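Notes for the structure review
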Amino acid sequence: MAAHKIIFVSQEISPYLSVTENARWGRSLPQAIQSRKYEVRTFMPDFGDINERRNQLHEVIRLSGMNIMIGDNDHPLTVKVASMQPSRIQVYFIDNDDYFQHLDSDSDPFGSNRADNDERVIFFARGTMETARKLRWEPAVMQVSGWMSTLMPMYLKTLFRDSPNFTDTKVVYTVLPEAEISPIDPAFFDKLRAEGISADTVDFFRPLAADPNLLHKLAISYADAVVFQTETADPDLTAFAEEKGIAWKHLAGEGDHADEYDALYKSLMTS
């Protein structure tokens, strides 16, 4: 029987970007899952602090070249790839000079303080989904983490729901310990509407514009399961998940919790 395929979408993966403990987890969990006889690929943004020469990134011409329109502007998508050692898992880097190159004003390598974070999460979600579709993979599970990745569940379950690549794909969203980002521009909701997200969905989330948990709630709403890998599970988010009827679990302590994730993936694939 063919091995099940899993896509990991992470905000940071060591050694490419090693800012927080999340980067180690972004590396160790895919490797541990691959060792359990899954096929694994990973995606992350090509942040400006990544040393492309040292990490041997190179552009994939057949996956690059698409223009993604956000607002009134076209933004070219560049896709690069490297192999995670020693597992040789392929890591795909989503890049655009406007959104991911380092700015002098950035407070951290992610640009958490940028005023255009609404457009950055849109570009990363669209770019990742388009690239995954071009790869013609049919992932059983998409594992998502990091605020930059929070639109992935929504895009998979709405804009890409009719793609044969993602017909049966389940989504696990993991909440990791992260610093807060700058408030999202309220124009974000109009940009989502322009992307093709339904008016009802946009109108539901629009009153949450000032909610610091907005991006988490967008991800939770379209996930099949939520994992809180934080010291404590945020009661606002657990209540939101329960209101949506979405199963959640709390994994405390250090480690990648590969056994727990393996069991969760298997339960979703057989449900």
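Everything quoted here is computed from the prediction, not taken from an experiment.

Thoughts on the environment of Lys37
In this structure, Lys37 sits in the loop between α1 (21-34) and β2 (39-45). Judged by relative accessible area, Lys37 falls into the exposed class, the value being 69%. Taking C-alpha positions, Lys37 is 8.0 Å from His4, a pair spaced 33 residues apart along the chain.

Structural notes on the side chain of Ser112
Locating Ser112 in the fold gives a position in the loop between α2 (97-100) and α3 (117-134). Residue class for Ser112 comes out buried when judged on its relative accessible area of 6%. One polar contact links Ser112 to Asp108, side chain to side chain, over a distance of 2.7 Å. Among residues more than four places away in sequence, those in contact with Ser112 are Ser107, Asn117, Trp147, Glu180, Ile181 and Ser182.

Concerning the nonpolar core
One broad trend across soluble globular proteins is that nonpolar side chains are buried collectively. Counting residues in each nonpolar core, the largest one holds 91 residues, and the members touching the most others are Tyr16, Ile33, Leu151, Tyr155, Phe188 and Tyr265. Apart from residues no more than four positions distant in its own chain, Ile33 is found in contact with Ile6, Phe8, Tyr38, Val40, Ala258, Tyr261, Asp262 and Tyr265.

Re the pairing of strand β9 (residues 170-175)
Summarising burial for β9: five of the six residues are buried, a large majority. One crossover worth recording links strand β8 (residues 141-145) to the parallel β9 by way of helix α4 (residues 152-157), and it is right-handed. Direction of pairing for β9 relative to strand β10 (residues 225-228): parallel, over a ladder of four bridges. Each bridged residue has a counterpart across the sheet, and for Val175 the counterpart in β10 is Phe228.

So, how was this worked out
- Residues numbered from 1 in each chain as written.
- Predicted model: local features only at pLDDT ≥ 70, side-chain atom pairs only at ≥ 80, totals over all residues.
- Heavy atoms only, no water.
- Helix = DSSP H or I, 4+ residues; strand = E, 2+ residues; numbered from the N terminus.
- Buried < 20%, exposed > 50% of the residue type's maximum accessible area, 1.4 Å probe, protein only.
- Polar contact = N/O pair within 3.5 Å; in protein donor to acceptor, adjacent residues only side chain to side chain.
- Contact = heavy atoms within 4.5 Å.
- Core = buried A, V, L, I, M, F, W, Y, C linked by side-chain atoms within 4.5 Å.
- Right-handed = clockwise from strand over helix to strand, strands pointing away.
- Pairing = 2+ DSSP bridges.

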